[in-house]
Amino acid sequence: MSRKSLSLLAAVLATSALVVAAPAAAAPVKVAGTVGPGHTITLKLGGKKVTKLKAGTAYRFVVSDRSEDHDFRLVGPGVNRVITGEEFTGTKSVVLKLKKGAYRFFCAPHADDMRGGFKVG
Ligand SMILES: [Cu+2]
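Just so it is clear, the model here is predicted, and its values are computed rather than measured. (Residues numbered from 1 in each chain as written. Predicted model: local features only at pLDDT ≥ 70, side-chain atom pairs only at ≥ 80, totals over all residues.)

1. Side note on the nonpolar core
The cut-off we apply is this: We define the nonpolar core as any set of buried residues of the types Ala, Val, Leu, Ile, Met, Phe, Trp, Tyr and Cys, connected via C-beta atoms lying within 7 Å of each other. Burial in this document is a count-based property: other C-beta atoms within 10 Å of a residue's C-beta are tallied, and the residue is buried at 20 or more, exposed at 12 or fewer, or partly exposed in between, with C-beta positions derived from the backbone. For the purposes of this entry, the term helix denotes a DSSP run of H or I that reaches at least four residues, the term strand denotes a run of E that reaches at least two, and both are numbered from the N terminus. We call two residues in contact whenever the C-beta atoms placed from their backbones are within 7 Å.
Core analysis: the largest hydrophobic core is formed by 17 residues, its most contacted members being I41, F72, F105 and C107. When contributions to this core are tallied by element, the ones reaching two or more residues are strand 1 (29-35), strand 2 (41-45), strand 5 (58-65), strand 6 (72-76) and strand 9 (101-106). Considering each element in turn, this core owes the most residues, three residues, to strand 9. Beyond its immediate sequence surroundings of up to four residues, C107 is in contact with V35, I41, H70, D71, F72 and M114.

So this is what it looks like as structure tokens:
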């Protein structure tokens, strides 16, 4: 192989390495949930209350559970998850791709006053 074709090959390899690296850099967008210590439950993206998310996009739900009295559940099309349970305090995270529709999040023992929702479309 000539010196010229070698450098051409190196250039091609460098280019394809860049193409491969790009998707890995796109981390899921973080959606932050909190529950407790009082009767409060929140879900925010970039500091703002979540009202709508995009279908088919990967989101990282990071839930901070601040009380053993509460849990954090997410229910909607294709999803029925207890992200943090009763007795648990601390943070858990899960990456989810949601489908089009209406989703609810709530604390099961106190679902009357600890609940919220958002749309996915
Ligand atoms: Cu609760």
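Structure shown, so let's carry the discussion forward.
2. As for the environment of L43
Examined against the element boundaries, L43 turns out to sit in strand 2. The class of L43 is buried, set by 22 C-beta atoms lying within 10 Å. In this structure, the C-alpha to C-alpha distance between L43 and F61, residues 18 residues apart in sequence, is 9.0 Å.

3. Examining the environment of P28
With respect to the secondary-structure elements, P28 resides in the loop between helix 1 (3-25) and strand 1. For P28, a count of 14 C-beta atoms within 10 Å translates into the label partly exposed. Separated by 69 residues in sequence, P28 and K97 have C-alpha atoms that sit 9.6 Å apart. Among all residues touching P28, those that are not within four sequence positions of it are A58, Y59, R60 and V95.

4. Some thoughts on unusual backbone geometry
The peptide bond linking G36 to P37 adopts the cis configuration, its omega dihedral lying at 0°. Residue position: P37 is located in the loop between strand 1 and strand 2. At E87, a position not held by glycine, the phi torsion is positive, near 75°. Tracing the backbone shows E87 in the loop between strand 7 (79-84) and strand 8 (90-97).

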